[in-house]
Amino acid sequence: MNSEHHSLHARQLPGRVYLLPVPNDFTEPLRFDEAARVPASGDNTAIAVRTLPTGTRILIRQLVFEFAHTVLEGHRFALFRINKGQPLLSWGLPFGIALRDIEPGEYVCNEKILRVLSERHVEFELPKAPNFSDYRQPFRLDEANFRPGFRPGSQVAPITAPSAFQGFRRSDRRGAGTRNYIVVLGVSSKTAGFTRNLAARFKNVRDHFPNIDGVVAVEHTEGGSAARPNNFELTLRTLAGFMVNPNVGAMLCVDFPNQLLSNNALQSFLSEKKYPTDVLLHDFFSIESSFEQALVQAEQRLRSWLPNVNKFRREAIPLSELRLGLQCGGSDAFSGVSANPLVGILSRRTVACGGSANLAETDELIGAESYVLQSVRDLQTAQAFLEKLDRFQQWAAIHGHTAEGNPSGGNMFRGLYNISIKSIGAARKKDPATRLDCVIDFGELMSEPGFYFMDSPGNDLESIAGQVAAGCNMILFATGNGSITNFPFVPTIKIITTTRRFELVRNEMDFNAGRYLDGEPLEALGNEAFEQMLRVASGEPSVGEKAGHFQVQLWREWRQNGSGQKQRPVRNPVLLSSVSGEMDRRIIRDIISPQGERVALVLPTSLCSSQIARMIVDQLNATPEKSYSRAVALPHTEGCGNSGGEPEQLFMRTMAGYLAHPFVSKALLLEHGCEKTHNDAFRNLLRELGLAESNYGFASVQLDGGIERVTKKALKWFYSTSASPHGEPFSIGFAAVNASETLQRAFCLLAKEFSMAGGSSVLAEGLCVSEKALVYGERFRAPGAYMMECPTDDLGEILTGLGASGMQMLLAFESETIVPSNPLVPTIQVALTERLPQHLHSDVDLLVSEKESGEEIAGKLLHLIGQVKGGQQTPRSRSLGNTAFQITRGYTGISL
């Protein structure tokens, strides 16, 4: 020992190790349990339970370690000497290979974590080089010698629960609900504005119908494209599962007729797959009158249902009717130590009572195969599980990604260095004693009791949608950073990993699993959490339900099927230089004078902060004295679970375009706190783009202490800063799907004339070919006419990209329906009388005929543009509240 001690100093290694007694000039070292935790007895790394600054000394095994580098809370250091080439272990499983000899007490870090920490601008010196490389242990199923579970394959022993929960009895196949909601389901993304407006008319429904938990809207991103998407059947299966979820007392499905993703398609799917809708109060509503008239008609239909839905009463339901969705989000290094094992206890007890539990997030189990398959029903189930993991990795590879794109910036900042270590902890939502019984596809109905694995992406909101579609009537959500996730009609119990974090966001969390790290027995905490779960199942509101916000996201479309070729929409652009015609340039010169809008923008940096951004904006707009003309939020579904690389760059570029938009006089970035595209990432981007960071506000739902505190901080920032409009010359963007030749030429003629008069215009790809080109969401730099690349044929996504380029007005055409407009930029919708159904004529701003020339149509549009810019006319979509904001993922973006 003494020789090893002296050799360590002779080689000047990164950490110092002393034999007791400690030198006299040293203060008393920390006990090991004050500084770190070891997940499993065979581990050679430990997790710091608090930040350990350089020079910190801790006592372990009669040795004192002194840290040569600061080790952040949740990050790991070596317990023993790890020789070059040896694996680094946590929970007994490898997550890395030593690049050199690593000494006891040395901070272990890979290349990625050093990059992430430098991007977060930590205030201490980082190691100069990584000391381990990522490693994922290959798993091979020995089919010839398979024994169920590689240990006894029986499920956990059944128990007789001492009590039932109070729920809503449905049909035998639907089970029982923990809630009784009326749901307005938007079948495609085009109905988002309608469903949101309709549900808002019932916000006080419980005042008169106490057995109804509420009327909620489910809007999503899918179905906006004219082409059949790759996730078409998956989307139908998810929507069908939503309908028959036992928490639904009644459902109204809303569509625009003649769309690919429609009520007809959903009805056919329900019938073909024999979904149990026979005793469900439901209807299919097509918007076949004007937007306003359709809202009145749909409202009347829902109001006629209220007495019947209110007849459902809570009654004693056996615990075998509980179906738990097991989730984690905003994970940290302690997720696998405290919160996920606690979820594992709750799921084990529920399965023992004859209920069901659903483990999901496929890519977050890659590397934990041996743990998941410790106990499994049979060989076929084990094979099915491994096939899902293999398929997911192949699918990611087709798009140019790997599962390593999963850990977010927040995950890595909190100590989850790579997908292996994240998966090893995430798998703890399955208790070691619980057997894996069934493997199902995304949203596939759970047909029998037991423990399930459901194929899904690691994006927790997309994964939750699949679990709800599978029949889950309760979500258990483990979180490290303090994710505020909630689903509209299924209660979410949020379980946080550490007491320190719980104290920061206690108003958003249901249970503090950090008490285990503080010394309380985990099984005792499990008993307490189980009782709380039953109370919530019986109607006690979860903290998320009290807060009154939620998010929905379906597993988004993916573009590649294995060919490696980009699936480009078919387009027939014209050459802009060839377009000619006579326009009144005096009117154009008047129009291109600077616009006077002064908008206060709340920009959520990810989907999970989007609803909070809306809530802040509602308060800003209710303020009578303000220095801005209006406040706008841009809620969206990105920033967290996408695959990184090019799609993430596309997202960041688009968001930056809105921050620099000429309408925006003041802007605040609102992060959730655990996403890939956090505030620090945007600070770095602003610097790269030459935008002054001091012009923007920054707030964090998690780090600022939850919804109430972050709202107060945001409002204070807006009220204390002055507005400064940009005053840039007018610019206009043009977007169309399936435009006629004359309408296409009218758009191109206007764009050319505006640019010749000193203004700017951007035409979506497919309308024209121009010498000046922009990529999706790119800000134009100088006046002129541009073509913007559009890796999508969803008109809503095209409008989002055009708005980011700096356009101050948008002209949109879609052949047979209307489209929600951009929330920030006035959007004029033009339609052809021959194509648009007559009942929608009053919902567009201009009707033209295919018989008119391009020059005649351009003249009418020019007059309308002047009216809208001058304030004499408000675009119909804005006056109706029919708005949406959706960002494309491009050709290679996927959910991880």
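So, here's what we can say about the structure. Because the structure is predicted, anything quoted here is derived from the model rather than measured. (Residues numbered from 1 in each chain as written. Predicted model: local features only at pLDDT ≥ 70, side-chain atom pairs only at ≥ 80, totals over all residues. Heavy atoms only, no water.)

Topic: the nonpolar core
As a reminder, the rule being used: Here the nonpolar core consists of buried residues drawn from Ala, Val, Leu, Ile, Met, Phe, Trp, Tyr and Cys, with membership extended through side-chain atoms lying within 4.5 Å. Each residue is placed in one exposure class: buried if its accessible area under a 1.4 Å probe, protein chains only, is under 20% of its type's maximum, exposed if it is over 50%, and partly exposed if it falls in between. Every helix listed is a DSSP run of H or I at least four residues long, and every strand listed is a run of E at least two residues long, numbered separately from the N terminus. Whether two residues are in contact is decided by their heavy atoms: any pair within 4.5 Å suffices.
If you look at the biggest cluster of nonpolar residues, it comprises 56 residues, and the most contacted ones within it are Leu342, Phe385, Leu436, Met474, Leu476, Ile495 and Met533. Per-element accounting of this core gives the leading share, 8 residues, to helix 15 (residues 522–537). Filtering out sequence-adjacent residues up to four positions away, phenylalanine 385 remains in contact with Leu365, Glu369, Val372, Leu373, Leu436, Val439 and Phe453. Tyr181, Ala265, Tyr275 and Cys472 belong to the second-largest nonpolar core, a separate cluster that totals 52 residues.

Some remarks on the pairing of strand 4 (residues 45–48)
Just so we agree on the cut-off: Strand pairing is assigned whenever DSSP identifies at least 2 bridges connecting the two strands.
Burial along strand 4 is two-sided: the face carrying Thr45 and Ile47 and the face carrying Ala46 and Ala48 are both buried. Here strand 3 (residues 36–37) pairs with strand 4 via 2 bridges, running antiparallel. By the bridge assignment, alanine 36 is partnered in strand 4 with alanine 48.

Details of helix 6 (residues 263–272)
To keep things clear, this is the line we draw: Comment: arc refers to directions from the helix axis out to C-beta atoms.
Among the residues of helix 6, Asn263, Ala265, Leu266, Phe269 and Leu270 are the ones counted as buried. One side of helix 6 carries all its buried residues, which in axial view fall inside an arc of 160 degrees. Along helix 6, exposed side chains directed more than 90 degrees from the buried face belong to Asn264, Ser271 and Glu272. Where the residues of helix 6 are buried, they touch strand 13 (181–186), helix 5 (232–244), strand 15 (248–255) and strand 16 (281–286). Following helix 6 by one or two positions, lysine 274 adopts a phi angle in the positive range, close to 60 degrees.

Some details on the packing of helix 5 against helix 6
Short version of the rule: Orientation is described by axes fitted as lines to C-alpha atoms, over the contacting stretch for helices, and by angles from 0 to 180 degrees between their N-to-C directions. Each angle is binned into one of four classes, with values under 35 degrees roughly parallel, values over 145 roughly antiparallel, values of 65 to 115 roughly perpendicular, and all other values oblique. Residues are grouped as follows: nonpolar covers Ala, Val, Leu, Ile, Met, Phe, Trp, Tyr, Cys and Pro; charged covers Asp, Glu, Lys and Arg; every other residue, Gly included, is treated as polar.
Direction vectors running N to C along helix 5 and helix 6 enclose 75 degrees, while the axes themselves pass 10 Å from each other. Taken together, helix 5 and helix 6 sit at an angle that is classed as roughly perpendicular. Here Phe232, Glu233, Leu236, Arg237, Leu239, Ala240 and Met243 of helix 5 lie close against helix 6, whose contacting residues are Ala265, Leu266, Phe269 and Leu270. Considered class by class, the residues forming the contact of helix 5 with helix 6 number 9 nonpolar, no polar and 2 charged.

Thoughts on the sheet that holds strand 12 (residues 176–177)
Overall, antiparallel pairing links the 3 strands, which are arranged 12-11-17 in an open sheet. Two strands lie at the open edges of the sheet, namely strand 12 and strand 17 (315–317), each paired on one side alone. Direction of pairing for strand 11 (residues 165–169) relative to strand 12: antiparallel, over a ladder of 2 bridges. For arginine 169, the partnering residue across the bridge sits in strand 12 and is alanine 176.

Comments concerning the sheet that holds strand 14 (residues 214–218)
Ordered in space as 14-13-15-16, the 4 strands form an open sheet in which the pairing is parallel. Every interior strand has two partners, whereas the edge strands, strand 14 and strand 16, have only one. Looking at each pair of strands side by side, their axes are set apart by 15 degrees on average, direction ignored. Bridge count for strand 13 against strand 15 is 6 bridges, and the pairing is parallel. Each residue of the ladder has a partner; that of valine 184, found in strand 15, is leucine 252.

Notes on empty space enclosed by the protein
Where we set the bar: Cavity and pocket criteria rest on a 1 Å grid covering protein atoms alone: a 1.4 Å probe that fits but cannot get out defines a cavity, protein on both sides within 12 Å along at least 5 of 7 lines defines an open pocket, and an atom within 4 Å of a point defines a lining residue. Grid points are joined across faces, edges and corners, and a volume is the space filled by probe spheres set on the points.
This structure, assessed with the given rule, holds 8 cavities of 30 Å³ or more. Of the residues contributing to the lining of the largest cavity, the split by class is 4 nonpolar, 9 polar and 4 charged. Along its surface, the second largest cavity is lined by Ser189, Lys190, Asp794, Gly796, Val819, Pro820, Ala884, Phe885 and Gln886. For the lining of the second largest cavity, the residue count by class is 4 nonpolar, 3 polar and 2 charged.

Quick look at the packing of aromatic side chains
Selection criterion: Side-chain rings of Phe, Tyr and Trp (the six-membered ring for Trp) are treated as a pair once their centres are within 6.5 Å; stacked means planes under 30 degrees apart, edge-to-face means over 60, and tilted covers the remaining angles. A positively charged side chain is recorded as over a ring if its NZ (Lys) or CZ (Arg) lies within 6 Å of the ring centre. The angle to the ring normal must also be within 35 degrees.
Per the counting criterion, the structure on display carries 23 aromatic pairs. Ring centres of tyrosine 658 and phenylalanine 885 lie 5.1 Å apart, and the angle between their planes is 80 degrees; this geometry places the pair in the edge-to-face category. Of the two residues, tyrosine 658 sits in helix 19 (residues 646–659) while phenylalanine 885 sits in the segment after helix 25 (876–880), which places them 227 residues apart along the sequence. With a relative accessible area of 8%, phenylalanine 885 lands in the buried category. Ring pairing ties together the aromatic residues Phe392, Trp395, Phe442, Trp555 and Trp558, which thus form one cluster. Positioned over the ring face of phenylalanine 530 is arginine 349, at 4.1 Å from the centre of the ring. Lying across the ring of tyrosine 371, arginine 428 places its NZ or CZ 4.0 Å from the centre.

Quick notes on the packing of helix 18 (residues 610–621) against helix 21 (residues 707–720)
Operational definition: Each crossing gets its handedness from the near helix: less than a right angle anticlockwise from the far helix is left-handed, clockwise is right-handed.
Relative to each other, helix 18 and helix 21 sit at 45 degrees, their axes nearing to 10 Å. With respect to each other, helix 18 and helix 21 are oriented oblique. When you trace helix 18 past helix 21, the crossing you get is right-handed. Two secondary-structure elements touch here, helix 18 through Ile612, Met615, Ile616, Gln619 and Leu620 and helix 21 through Ile707, Val710, Thr711, Ala714, Leu715, Phe718 and Tyr719. Grouping the amino acids of the contact of helix 18 with helix 21 by side-chain chemistry returns 10 nonpolar, 2 polar and no charged.

Points about the side chain of serine 483
Heads up, the rule is: By the criterion applied in these results, polar contacts are pairs of N or O atoms within 3.5 Å in which, for protein atoms, one can donate a hydrogen and the other can accept it, and in which residues neighboring in sequence qualify only through two side-chain atoms.
As for its placement among the helices and strands, serine 483 is situated in the loop between strand 22 (474–479) and strand 23 (492–496). Residue serine 483 is classed as buried on the basis of its relative accessible area of 2%. A distance of 3.3 Å separates a polar side-chain atom of serine 483 from the backbone oxygen of glycine 329. Each residue touching serine 483, except ones within four places of it in the same chain, is listed here: Gly329, Gly330, Phe477, Lys494, Met509, His672, Cys674 and Gln702.

That is the geometry; function is a separate question.
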